[in-house]
Amino acid sequence: MSVPPTTPRPRLRDEVRHALFDQADRVTASAEARATTSDLSIDEELNLHSIGWEPVELVSGVSLHSIPFGYWNWGQGEIEGASMAHATAFVNATTHLLREAGAAGGHGVVGVRIDRAVHSTFVEVSLVGTAVRPVNRSRRLERGVFASDLSARDFTMLMVAGWEPLGLATGASFVFAPRRSMGAAIQQQSQNVELTNFTEAMYSAREAAMQRMQEMAIEMHGTGVVDVKVQEGPMSFASHAVGFVALGTVVRLAQAAHRLIDPTMVVALDDASVAFDARTLS
Amino acid sequence: MSEGPLDLPEAAQRRFSQGAFSSGLSVSDFGACLDMGLEPVGLVQGFCAMHWGAYSMSGLGRGTTPFTGAPGAAHGYVQNYQCPHGMISSEHRTWGQNYQQNWIEDAWRTGFNSAYSRMMAEAQALGAHGVVGVIDGENPLSDTGVVEFHLRGTAVRVLDAPAPSATPWSTFLAGQRLAKSFEAGYAPVSIITAVTSVRVWSYCVTEYLLGGTGGMWANAGAAEIHQIVDAQNEVRDLARTRVRASLHGDVLHGAHLEVSAREIGPGDVEFQSRLSGNRVRRFKDFDPLPVPRPTVRLS
């Protein structure tokens, strides 16, 4: 094959040749060295390195908590068994995740992927993330290991701005929407009308969930919660129950004052490039 | 089909000896590879069709007693659970078991490794130093329990470099992402994928808790479902342990962990965990970049 002329990039080419052929200079892996695993991309790892942090280990935590049969069908107010099951499953999964991270020498876990599923008889919570620590500092921190669903990039920006993550906070509430009387149901059959029982149930669930998340943040001595995700709506398996779940990362100011990050405006002169993902070909 | 390069299909050898190269790289990745001094020499592929007979025997997987592992699970994870109720009945599950399904893991490994080594054999036949942009797939071929493993990637040669003397390296990365990896100080070694499988044969407490009837048994109530949690944690941990064992001190980058569940019957679940990523080796010491400068793109 004849290679078409390209713009020479001797530095990168030299780097590649050095990496692949200069075996003598290579920092070879040894059997004693502890292998590290991470689900971060190269970009994310470079971001971490830029503030003096490094990935240590891929960690996970799972919990399933049961909900006794019949909790969803009849009752009034909050379905406390379901709300409690969600909270316990989340805490247990997080505890397992943090224990794994601490055992690996991590000071925190970033980019936590949260998979949740609420079934009629149990709640399932699964967490996967990468334990991170300041470069070459395996000594445990005096304070606990933190978990955050912020990406490594967002974690970097947070730290650059003088803030630090403290942990994941969540609040969940599942509430009954009271059934209408037979008369009201018949009367409203042909009307376009707000079903206040569902609206009120949703408000009730939201307030309880947001309150619980906020209480968790205060327990962690956090100033606030960033990147809050909310999920709300009816439960597919219970026609008169609604749920509201909120979760995010608790943060607090680590410096005397917030540091302005002062972004630079850029106008790109090229077309927007599309990042290639090899997996899209399959 | 053996794994040596000399056993390539004759048509493939003929094709390789012709002038033009083929590549799975996009134009931007092709350009990035040339910038790095990597010249594509061919789209290499490996296949393996495996008969998945182990799954059809899944009902026979449970150990014959609560004191031993499952048949075929001579080694690996086994955990037993005893009924706390003291009931003896043909319907009451007086014991349960979690166990690692080694035979499924072995079959998967055989299929994947065969396809991988065939792809690498093609790369070696082309005189390549490495394979970039690897894509792996696993598809059912028919309804008869046959699974096709298919790996493909672009074999590359380092420009103006001596002929390769060792097995080519491989990576899921291509183009700019590979360039960043080199610039960050990591050289590719190989792709790594591990699959682990744990079967849950539930005992009474797990069955009741999953079905929401734990409250009928005073000591169960609403509680964490330990047997499933143990299995879920173990299947992930086994995959990580297996991958870590094959890293030999290197680093796994861009790991992707996914867990799937297959319900075979009430309380009878199989969890499969798949962990894949790029095994890379640091070739220069830590050299942090300056703190990134935030920008706002006006477009």
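For clarity, every value in this text was computed on a predicted model and none was experimentally measured.

What about the overall build of chain A?
Move 1: Counting its regular elements, chain A contains six helices and nine strands.
Move 2: The proportion of buried residues among the 282 residues of chain A is 41%.
Move 3: Of the contacts formed within chain A by residues at least 6 apart in sequence, a portion of 76% connects residues at least 24 apart.

A few points about the sheet that holds strand β5 (residues 146–147) of chain A
Residue and element names in this part refer to chain A.
Move 1: Ordered in space as β2-β4-β3-β5, the four strands form an open sheet in which the pairing is mixed. Edge positions in the open sheet fall to β2 (53–66) and β5, since each of these has one partner strand only.
Move 2: Across 13 bridges, β2 lies against strand β4 (residues 122–134) in antiparallel orientation. Residue pairing for β4: Trp53 is matched across the bridge by Pro134.
Move 3: Running over the sheet, helix α2 (residues 42–50) touches β2 and β4 and is turned about 115° from β2.

Some points on the pairing of strand β7 (residues 224–235) of chain A
Residues and elements named next belong to chain A.
Move 1: Sheet topology places β7 next to strand β8 (residues 238–253); ten bridges connect them, and they run antiparallel. Along β8, the bridge assignment pairs Met235 with Ala238.
Move 2: The antiparallel pairing of β7 with β8 creates a hairpin that spans two residues between the two strands.

Comments concerning the interface of chain B and chain A
Move 1: Counting from both sides, the interface comprises 75 residues of chain B and, opposite them, 70 residues of chain A.
Move 2: Counting only elements with at least two residues in the side of chain B that touches chain A, the list comes to α2 (27–36), β4 (130–140), α5 (175–183), α6 (204–211), α7 (226–245), β8 (251–265), β9 (268–282) and β10 (295–298) of chain B.
Move 3: Looking at the side of chain B that touches chain A, its residues break down into 35 nonpolar, 23 polar and 17 charged.
Move 4: Pairing of strand β1 (residues 36–37) of chain A with β8(B), which is carried by two bridges, proceeds in the parallel orientation. From the neighbouring strand, Thr36(A) faces β8(B), where its bridge partner is Val251(B).

Looking at the environment of Val132(A)
Residues and elements named next belong to chain A.
Move 1: Mapping Val132 onto the fold places it in strand β4.
Move 2: Separated by 55 residues in sequence, Val132 and Gly77 have C-alpha atoms that sit 42 Å apart.
Move 3: When residues no more than four places from it in sequence are discounted, the contact partners of Val132 are Leu48, Trp53, Glu54, Pro55, Val56, Gly106, His107, Gly108 and Val110.

Observations regarding the packing of α2(A) against helix α4 (residues 152–160) of chain A
Residue and element names in this part refer to chain A.
Move 1: Packing of α2 against α4 leaves a shortest axis separation of 8 Å and a crossing angle of 20°. The orientation of α2 relative to α4 falls into the category roughly parallel. α2 and α4 meet at a crossing whose hand is left-handed. In this structure, α2 uses Glu44, Asn47, Leu48 and Ser50 to contact α4, whose residues at the interface are Ala152, Arg153 and Thr156.
Move 2: Tallied by class, the residues present in the contact of α2 with α4 amount to two nonpolar, three polar and two charged.

Section: α2(A)
Move 1: The buried count for α2(A) comes to seven of nine residues, which makes it a mostly enclosed element.
Move 2: Those residues of α2(A) that sit buried are Ile42(A), Glu44(A), Glu45(A), Leu46(A), Asn47(A), Leu48(A) and His49(A).
Move 3: Structurally, α2(A) contributes buried residues whose contacts are with β2, β4 and α4 of chain A together with α5 and β8 of chain B.
Move 4: Directly beyond the C-terminal end of α2(A), a positive phi value near 85° is found at Gly52(A).

Remarks on the environment of Tyr71(A)
Residues and elements named next belong to chain A.
Move 1: Secondary-structure assignment places Tyr71 in the loop between β2 and α3 (80–103).
Move 2: The class of Tyr71 is buried, set by 22 C-beta atoms lying within 10 Å.
Move 3: On a C-alpha basis, the gap between Tyr71 and Ala85 in space is 12 Å, while along the polypeptide they are 14 residues apart.
Move 4: The residues contacting Tyr71, other than those within four sequence positions of it, are Ile79, Gly81 and Ala82.

Topic: the sheet that holds strand β6 (residues 163–176) of chain A
Residues and elements named next belong to chain A.
Move 1: One open sheet accounts for three strands, arranged β6-β8-β7; its pairing is antiparallel. Single-partner strands in this sheet number two, and they are β6 and β7. Taking the axes of each pair of neighbouring strands and ignoring which way they run, one obtains an average angle of 10° across the sheet.
Move 2: Relative to β8, β6 runs antiparallel, the two being bridged by 13 bridges.

Quick word on α7(B)
Move 1: Compared with the 28 Å implied by 1.5 Å per residue over 20 residues, the 27 Å span of α7(B) between its first and last C-alpha is a close match.
Move 2: Within α7(B), 14 of the 20 residues are buried, which leaves the element mostly enclosed by the surrounding structure.

With respect to the packing of α2(A) against α5(B)
Move 1: One can describe the packing of α2(A) onto α5(B) by two numbers: an axis separation of 9 Å at closest approach and a directional angle of 30°. Between α2(A) and α5(B), the angle falls in the class roughly parallel. Judged by the sense of rotation from one axis to the other, the crossing of α2(A) with α5(B) is left-handed. For the pair formed by α2(A) and α5(B), the contact residues are Ile42(A), Asp43(A) and Leu46(A) on the first element and Arg177(B), Lys180(B) and Ser181(B) on the second.

Some remarks on unusual backbone geometry
All names here are of chain B.
Move 1: For Asp160, which is not a glycine, the phi torsion comes out positive at approximately 55°.
Move 2: With respect to the secondary-structure elements, Asp160 resides in the loop between β5 (146–158) and β6 (169–170).
Move 3: Its 9 C-beta neighbours within 10 Å are what place Asp160 among the exposed residues.
Move 4: With a phi close to 50°, His248 is a non-glycine residue in the positive phi region.

Considering the pairing of β5(B)
In regular strands, side chains alternate between the two faces of the sheet.
Residues and elements named next belong to chain B.
Move 1: Here strand β1 (residues 38–51) pairs with β5 via 13 bridges, running antiparallel. Among the inter-strand pairings, Leu43 is bridged to a residue of β5, identified as Thr154.
Move 2: The pairing of β4 with β5 spans nine bridges and is classified as antiparallel. Counted as the bridge partner of Pro140 is Val147 from β5.
Move 3: Where β4 folds back onto β5 in an antiparallel hairpin, the turn is made up of five residues, including Gly145, whose phi is positive at roughly 80°.

How each quantity is defined
- Residues numbered from 1 in each chain as written.
- Chains lettered and ligands numbered in written order.
- Predicted model: local features only at pLDDT ≥ 70, side-chain atom pairs only at ≥ 80, totals over all residues.
- Helix = DSSP H or I, 4+ residues; strand = E, 2+ residues; numbered from the N terminus.
- Buried ≥ 20, exposed ≤ 12 C-beta atoms within 10 Å, placed from the backbone.
- Contact = placed C-beta atoms within 7 Å.
- Pairing = 2+ DSSP bridges.
- Axes fitted to C-alpha atoms, helices over the stretch in contact; angles between N-to-C directions.
- Nonpolar A, V, L, I, M, F, W, Y, C, P; charged D, E, K, R; others polar.
- Parallel < 35°, antiparallel > 145°, perpendicular 65-115°, else oblique.
- Left-handed = near helix turned anticlockwise from the far one by under 90°.
- Expected span 1.5 Å × (residues − 1).

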